[in-house]
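One letter stands for each residue in the lines below.
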Amino acid sequence: MTAAFPPKSAARAGRADSPWIRRWNEGSASRLTLICLPHAGGSAGFYRPWAALMPPEVELVALQYPGREDRFDDPASAGMDELVTAVADAVLPLLDRPYALFGHSMGSAVAWELAHELDRRRAPAPRRLFASGRAAPGTAVTGQLHRQDDDVLCAELARLGGTSREVLDDPGLRSLVLTAVRHDYRIIETHRPEARPPLSCPIHVLTGDADPELGERRSRAGAAGWADLTSARTEVRVFPGDHFYLTPRRREVVATVLRRMDPSLTTDARRTWPSTP
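Criteria and cut-off values
Residues numbered from 1 in each chain as written. Predicted model: local features only at pLDDT ≥ 70, side-chain atom pairs only at ≥ 80, totals over all residues. Heavy atoms only, no water. Phe/Tyr/Trp six-rings, centres within 6.5 Å; stacked < 30°, edge-to-face > 60°. Helix = DSSP H or I, 4+ residues; strand = E, 2+ residues; numbered from the N terminus. Buried < 20%, exposed > 50% of the residue type's maximum accessible area, 1.4 Å probe, protein only. Lys NZ or Arg CZ within 6 Å of the ring centre and 35° of its normal. Pairing = 2+ DSSP bridges. Axes fitted to C-alpha atoms, helices over the stretch in contact; angles between N-to-C directions. Polar contact = N/O pair within 3.5 Å; in protein donor to acceptor, adjacent residues only side chain to side chain. Contact = heavy atoms within 4.5 Å. Salt bridge = Lys/Arg side-chain N within 4 Å of Asp/Glu carboxyl O.

1. Some thoughts on the packing of aromatic side chains
Overall, the coordinates contain seven aromatic pairs when judged by the stated rule. A ring pair is formed by Phe-46 and Phe-244, whose centres lie 6.1 Å apart and whose planes are at 70°; its orientation type is edge-to-face. With Phe-46 in the loop between β2 (32-37) and β3 (58-63) and Phe-244 in the loop between β7 (234-239) and α8 (250-261), this residue pair connects regions lying 198 residues apart in the sequence. Residue Phe-244 is classed as buried on the basis of its relative accessible area, which comes to 10%. Ring geometry for Phe-239 and Tyr-245: centres 5.4 Å apart, planes at 15°, overall stacked. What makes Phe-239 buried here is its relative accessible area of 0%. Taken together, the ring pairs in this structure connect Phe-46, Tyr-47, Trp-50, Phe-102, Phe-130 and Phe-244 into an aromatic cluster. Arg-71 extends its terminal NZ or CZ atom over the ring of Trp-20, reaching a point 4.4 Å from the ring centre.

So this is what it looks like as structure tokens:
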């Protein structure tokens, strides 16, 4: 099958044109791309600290969903299909070199749908899909939180961790956060994934051992669900921490991702890793 994607010159020329794309460490030495999908209510900025841990060979790309940060006035996506179509349009010019997808929580489901959408467009397949903090599409338990009042949503955010009490106690910030969270919860809670042939890329499942969504006790069952979605290998890595384990464990998570993308990225004895910001 011939991959239909732009030549390098056209791809690089169009990289800065999309409001969906955020990049912090593009360089001429990059030969791999890591594309990151945020969690519900999250933004591209969640991944910005990762840039300091990227070797020159890897370009870090994060998606900025509408309705947050500098896209606050952009209308939210109506559903998963609309969101994934827009994301695919945005990342297609970036696929002129090998890449991997990393999604946290809701972002894991978006990454899985994106891999299928790119396959439908005959684009190159990801080298690996990293699914963090969420059970596989079709097996993840969903509810109706997007229909609940603000107090219920705040309680859910407190349960998962990752949102400071100061933000939730500030009426203005609370309103901004809950608007994005409610939009995203509607997308993920109404998502009904279609049955499709398995992906061909390996899937690496990451989770915190105290994550109420996919903790250590649930991680094996959750991984089994992901294993059904690929014809390649599925691995599991459990870190200490809650749903947002990847913030305090940033260095370990990034090292794991890089090692799975290409072992040479973390085995070069000459490499000096910067301090985590």
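That was the structure; now back to the text.
2. Describing the environment of His-183
Looking at the element boundaries, His-183 is found in helix α6 (residues 171-189). Linking His-183 and Pro-66, residues 117 residues apart in sequence, is a C-alpha distance of 9.8 Å.

3. Examining the sheet that holds β2
Where strands meet in a sheet, backbone hydrogen bonds hold them as pairs that are either parallel or antiparallel. Spatial ordering of the open sheet is given by β1-β3-β2-β4-β5-β6-β7, a layout of seven strands whose pairing is mixed. Edge positions in the sheet fall to β1 (21-23) and β7, since each of these pairs with one other strand and no more. Across this sheet, the average inter-strand angle for adjacent strands is 20°, counted without regard to direction. Here strand β4 (residues 99-104) pairs with strand β5 (residues 129-132) via four bridges, running parallel.

4. A few points about the side chain of Glu-113
One can find Glu-113 in helix α3 (residues 106-120). For Glu-113, a relative accessible area of 6% translates into the label buried. A distance of 2.6 Å separates a polar atom in the side chain of Glu-113 from a polar atom in the side chain of His-191.

5. Comments concerning unusual backbone geometry
We note that Glu-69 has phi near 45°; this positive angle belongs to a residue other than glycine. For Glu-69, the location among the structural elements is in the loop between β3 and α2 (80-91). Despite not being glycine, Arg-122 shows a phi value in the positive range, around 60°. Residue Arg-122 is classed as partly exposed on the basis of its relative accessible area of 48%.

6. A few points about the pairing of strand β6 (residues 203-208)
The side chains of a regular strand alternate, first on one face of the sheet and then on the other. Buried residues dominate β6, accounting for six of its six residues. By the alternation rule, side chains of β6 split into Ile-203, Val-205 and Thr-207 and His-204, Leu-206 and Gly-208, which are all buried.

7. Describing the environment of Tyr-65
For Tyr-65, the position within the fold is in the loop between β3 and α2. For Tyr-65 and Ser-77, which are twelve residues apart along the polypeptide, the C-alpha to C-alpha distance reads 8.4 Å. For Tyr-65, the residues in contact, after removing those within four places along its chain, are Trp-20, Leu-37, Pro-38, His-39, Gly-42, Arg-71, Leu-83, Met-106, Gly-107, Val-110 and Asp-184. One polar contact links the side chain of Tyr-65 to the main-chain carbonyl oxygen of Pro-38, over a distance of 3.2 Å.

8. Some points on the pattern of salt bridges
If you walk through the whole model with that rule in mind, you get 13 salt bridges. For the salt bridge of Arg-23 with Glu-59, the shortest nitrogen-to-oxygen distance reads 2.7 Å. Pair noted here: Arg-23 is in strand β1 and Glu-59 is in strand β3, with a separation of 36 residues, a long-range link. Its relative accessible area of 25% is what places Arg-23 among the partly exposed residues. Take Glu-59: its relative accessible area is 1%, and that puts it in the buried class. In this structure, Glu-113 and Arg-196 form a salt bridge, with 2.8 Å as the shortest nitrogen-oxygen distance. Residue Glu-113 is located in helix α3, and its partner Arg-196 is located in the loop between α6 and β6; the two are separated by 83 residues in the primary sequence.

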